[in-house]
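Spelled out from the first residue to the last, the chains are:
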Amino acid sequence: MALGAAGIDITCECTTDLSAKQFYIVILSDDNTVALASTAAETVFGVLQNKPDGTAGESAVVRILGLSKVTMGESSLAVTALLSTTAAGTAEQADGAGDFCVGQLVISADSGEIGTVFVNPGMGTTHASDA
């Protein structure tokens with residue numbers, strides 16, 4: 001069962017429809033504006049907590065530190081695995097050189113289901129020796 005808890009959230013602008021992307025990984029795409037993450041090498045910002053539809057004035061709430069639910073894009077990962085993003089903005093193991101980590105897996109889940117991550121984008125990137 002996925003776990004969500006209090007953490008540090010930031011409210012940002014959202015100019016695209018992310019209403020079907022709650023608990024997906026996002027990046028900063030412009031000043032105080034978020035977009036769906038699309039490559040493991042991107043500098044991730046956090047995990048989307050709400051369902052903004054991109055209409056004017058709609059805000060995206062992003063967990064930038066702490067426990068969060070996250071949509072998994074890879075199955076059978078070990079707890080404590082470092083996570084990065086898939087091309088679809090879901091979580092996968094950070095196992096390639098240069099993969100930017102969004103955080104550490106706390107509760108695993110199958111691909112397409114909701115797991116739990118300790119969001120800490122400051123964990124940095126993986127290196128060739130880590131992959």
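Use the structure listed above.
Only a predicted model underlies this, so the values are computations on that prediction, with no experimental measurement involved.

A. The arrangement of the overall build of the protein chain in detail. From N to C terminus, the protein chain includes 0 helices and 9 strands. In sequence order, the secondary structure elements of the protein chain are arranged as β-β-β-β-β-β-β-β-β. For the protein chain, the C-alpha radius of gyration of 13 Å lies close to 14 Å, the compact-globule estimate for 131 residues. Structurally, the protein chain occupies a C-alpha span of about 45 × 30 × 25 Å along its principal axes.

B. The arrangement of the pairing of strand β3 (residues 33–36) in detail. Sheet analysis places strand β1 (residues 7–14) next to β3, joined by 2 bridges and oriented parallel. When the bridges of β3 are listed, E13 appears paired with T33. Counting the residues in the hairpin turn of strand β2 (residues 25–30) and β3 gives 2 residues, including N32, whose phi is positive at 55°.

Rules and cut-offs
Per-chain numbering applies: the sequence of each chain, read as written, is numbered from 1 onward. Confidence filtering applies because this is a predicted model: local features only for residues at pLDDT of at least 70, side-chain atom pairs given and counted only at 80 or more, and all residues used for totals across whole chains, interfaces and linings. The basis for every side-chain value is the complete set of non-hydrogen atoms in the structure, without hydrogens or water. Runs of H or I in DSSP of at least four residues are treated as helices and runs of E of at least two as strands, each being numbered from the N terminus. As defined in this context, the radius of gyration uses C-alpha atoms, and a globule is described by 2.2 Å times the residue total to the power 0.38. Any two strands with at least two DSSP-identified bridges between them are counted as paired.

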